[in-house]
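# Overview (structure and organization)
For reference, the chains in residue letters:
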Amino acid sequence: MGKKLLMGNEAIARGAVEAGLNLATAYPGTPSSEIIGTLAEWSGDFDYYVEWSVNEKVAMEVAGGAAYAGGRALVAMKQVGLNVASDPLMSLAYIGVQGALVVVVADDPGPHSSQTEQDTRVFAKFAKLPVFDPSSPEEALAMTKAAFELSHRYQLPVLLRPTTRVCHATSGIEFGPRIPNVPEGFVKDPKWVIFPRLSYQQHQLLEETRLRLEREFSDGPWNPLTPGDRIGIVAGGVSYLYAREAVARLGLNPTMLKVGTPHPLPTAKLEQFLSRVDRVFVLEELDPVLEEGIIALAGQVGFKGPIYGKRSGHFPWAGEYSADRIQSVLARTLELAPAAPEPGAQDVPPELPVRPPVLCAGCPHRASFYAVKRGSRGSNAIYTGDIGCYTLGNAPPLSMVDTCLCMGAGLTVGQGLLRMEPGRPVFAFIGDSTFFHTGIPGILNAVYNQHPIKLVLLDNSTTAMTGHQPHPGMGRTACGGAVPQVDPVAVLRACGVEWLEVLDPLDLPATEAAVRRALEYPGVVALVLKSPCVATFKATRRYRIDSAACSNCGRCLRELGCPAFYREEKPQIGPSCYGCGLCSQICPKGAIGEVGRS
Ligand code: SF4
Ligand code: SF4
């Protein structure tokens, strides 16, 4: 079938296609988003259904339903999304499926773009479900296919846990044939209704299945043992590749066990491994899942050698690993001379300067934050934020995000805050996609329980942070089909919000005036600040500063934080200006003007 250059997420999508995918759902979240984006792109070529669901719980339930009817379903999310979807997942483990359900959860060690570093392998153990842990895009494809096959055979959801480096790495991938799956349809049966007695039986069955899987994984191909000397290395995920590189650099020949199925652990294979070595290094990012399993097994089989990992203090608990990090721990622990530098290492480019993330030049959220800041001046207001690129409103000079917890929580945290300090205004910022994800229950709660929150809906008509995926407010589906648009304003009215204004935040005086009116209103209010994300259209204007008119007061630099500005003797506007016109509205000298409308 030939090779193609694919990133890890695309390889997972390809694996699903080859496994006979019937349905795929997801809510976007870095580093998982390209899985569904790719499946949507390919949907014209294959017979399957793809959707961006409004949140991960909904996505899990839609995929579960398809798998009840014999479909092969995939649901994708990032690690924090699994928290949202955990309720249906835990029950699906007991209820099972008829076809196959593969739950892809992309973990983000580092973290690069997440609230937490949580480890989905621990979740798999908690849910009593098998999990595959790929170390490369090639393996991600192979494990996706294996996960579908295992799920169908055991009629159990199966997790796949790629990490950021696997999701976003690129590799030449061998394509295989697609084996179609024809769902038999839903067959009514009492087993689909989770009653306590059934739960008890299913729990017992899950434990029996775990033991069967332990044996199957020990005999299967996902946990290869490479014999070497009596130094033992156990590694999972991308850490295995780092370990290979580190031992090659140090000239070591350890016995290596790659664990591709961290739950249930391949116990018999681990026993074999322990019998060949006299000390063990355990290499895994985030939680000591393998390490704790090995410590327990070592006790059972009487292994007396040292086990070097996180619990022994040899490896860090937080953050990503790298070949360098592993090499230095191995060299230090084994008392080896420092390895000679790699050929060409002296040519390695210098570290890039740290660039804190900022709202884009021309981003309408900057105007929204600025208008609310100015309009609420002197009010002692609290500004609760939410998850999305607008979380960046916390950075100076805007400094407009006082709290940020998780999707949809800005609204509800704000309600708790204002109950403790009645009379203190709370402005809760939320993006349009997050509003559909988990914002609606929060606004319903505010209306129902009379929490006078001031919602600021930053409607840029996309899911910007994760790559502009569509949502119910956009009038199109994952595969581009046109559908009726759900108007957030109508939703807010239906939720009972009585005081509501829709404005363009780039009209600064009008937005500021609306903020002042909102401050006066005693009940729940909603300001819908609507202006498209600048990454979704081509700029047609630019602004520049007339140096002769500029008094060099520095206000434009000091108050907005637009990255298009830079300073020479006087402030200047660079080519990244998107022409939003915000700066021209605040310059006291009228020195900033539009150029180049096209
Ligand atoms: S008009 Fe001003 S605020 Fe808007 S992008 Fe250009 S420089 Fe930035
Ligand atoms: S706000 Fe206007 S006058 Fe002040 S520095 Fe900027 S361009 Fe010059």
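Residues numbered from 1 in each chain as written. Chains lettered and ligands numbered in written order. Predicted model: local features only at pLDDT ≥ 70, side-chain atom pairs only at ≥ 80, totals over all residues. Heavy atoms only, no water.

Below, the discussion takes up the site of ligand 2. Taken together, 13 residues surround ligand 2, and among them Cys-550, Cys-553, Gly-554, Cys-556 and Cys-587 come closest. Looking at the shell around ligand 2, its residues break down into 8 nonpolar, 3 polar and 2 charged. (Near = heavy atom within 4 Å. Nonpolar A, V, L, I, M, F, W, Y, C, P; charged D, E, K, R; others polar.)

As a further point, take helix 9 (residues 196–219). Given a rise of 1.5 Å per residue, 24 residues ought to cover 34 Å, and the 35 Å separating the end C-alpha atoms of helix 9 matches this to within 8%. The complete set of buried residues in helix 9 reads Leu-198, Ser-199, Gln-202, Leu-206, Thr-209, Leu-213, Glu-214, Phe-217 and Ser-218. In this structure, the buried residues of helix 9 make contact with helix 5 (86–95), strand 6 (131–132), helix 7 (137–154) and helix 11 (267–276). (Helix = DSSP H or I, 4+ residues; strand = E, 2+ residues; numbered from the N terminus. Expected span 1.5 Å × (residues − 1). Buried < 20%, exposed > 50% of the residue type's maximum accessible area, 1.4 Å probe, protein only. Contact = heavy atoms within 4.5 Å.)

Further remarks concern the sheet that holds strand 11 (residues 255–259). Ordered in space as 9-11-10-12-13, the 5 strands form an open sheet in which the pairing is mixed. Only two strands of the sheet have a single neighbouring strand rather than two, namely strand 9 (225–226) and strand 13 (307–308). Examined bridge by bridge, strand 10 (residues 231–236) and strand 11 share 5 bridges and lie parallel to one another. Opposite Gly-232, over in strand 11, you have Thr-255 as the bridge partner. Packed on one face of the sheet, helix 10 (residues 238–250) meets strand 9, strand 10, strand 11 and strand 12 (279–283) and runs near 145° to strand 10. (Pairing = 2+ DSSP bridges. Axes fitted to C-alpha atoms, helices over the stretch in contact; angles between N-to-C directions.)

For the coordinates displayed, the defined rule picks out 27 salt bridges. One salt bridge connects Asp-278 with Arg-279, and the closest N-O pair in it is separated by 3.7 Å. According to the relative accessible area criterion, Arg-279 is partly exposed, its value standing at 28%. Here Arg-555 ties to Glu-559 by a salt bridge, and the two come within 3.4 Å at their closest N and O atoms. Here the residue Arg-555 and the residue Glu-559 both occupy positions in helix 19 (residues 555–560), the gap between them amounting to 4 residues, near one helical turn. Note on Glu-559: relative accessible area 24%, which makes it partly exposed. Beyond isolated ion pairs, a larger network of salt bridges with shared partners links Asp-107, Asp-119, Arg-121, Asp-133, Arg-161 and Glu-284. (Salt bridge = Lys/Arg side-chain N within 4 Å of Asp/Glu carboxyl O.)

The next subject is the domain arrangement of the protein chain. Domain parsing of the protein chain yields domain 1 (4–179 + 188–210), domain 2 (225–334), domain 3 (364–476 + 485–530) and domain 4 (541–596). A separation of 33 Å is found between the C-alpha centroids of domain 1 and domain 3. The interface of domain 1 with domain 3 comprises 11 residues on the first partner and 15 residues on the second. The largest per-residue losses of area from domain 1 upon contact with domain 3 belong to Tyr-27, Val-54 and Gln-115, which jointly make up 47% of the total buried on that side. The tally of links from domain 1 across to domain 3 stands at 0 salt bridges. Remark: the boundary between domain 1 and domain 3 carries 3 residue pairs in polar contact (both at pLDDT 80 or more). (Domains from an automatic or database assignment. Buried area = accessible area lost by both parts, 1.4 Å probe. Polar contact = N/O pair within 3.5 Å; in protein donor to acceptor, adjacent residues only side chain to side chain.)

This paragraph deals with the UniProt feature "binding site: [4Fe-4S] cluster 1" (unreviewed entry) in the protein chain. The sites that carry the UniProt feature "binding site: [4Fe-4S] cluster 1" (unreviewed entry) are, in the present numbering, Cys-550, Cys-553, Cys-556 and Cys-587. Spatial clustering of the annotated residues is evident: they stretch over 38 residues in sequence, but the largest pairwise C-alpha distance comes to 10.6 Å. In this structure, Cys-553 sits in the loop between strand 19 (542–545) and helix 19. The exposure class assigned to Cys-553 is partly exposed, which follows from its relative accessible area of 38%. With residues up to four places along the chain from it excluded, the contact list for Cys-553 reads Arg-558 and Pro-588. With respect to the helices, strands and loops of the structure, Cys-587 is situated in the loop between helix 20 (582–586) and strand 22 (592–595). (UniProt positions renumbered as here; feature names shortened; annotations may be inferred.)

Our focus in this paragraph is the nonpolar core. Of all hydrophobic cores here, the largest spans 85 residues; its most connected members are Leu-39, Met-60, Leu-74, Leu-101, Val-103, Phe-132 and Phe-281. Per-domain counts for this core show at least three residues from each of domain 1 (4–179 + 188–210) and domain 2 (225–334). When sequence neighbours within four positions are dropped, the list of residues in contact with Met-60 reads Val-75, Met-77, Leu-82, Ala-85, Pro-88, Leu-89, Leu-92 and Val-103. One finds Val-489, Trp-499, Leu-527 and Phe-565 within the second-largest nonpolar core, a separate group that totals 68 residues. (Core = buried A, V, L, I, M, F, W, Y, C linked by side-chain atoms within 4.5 Å.)

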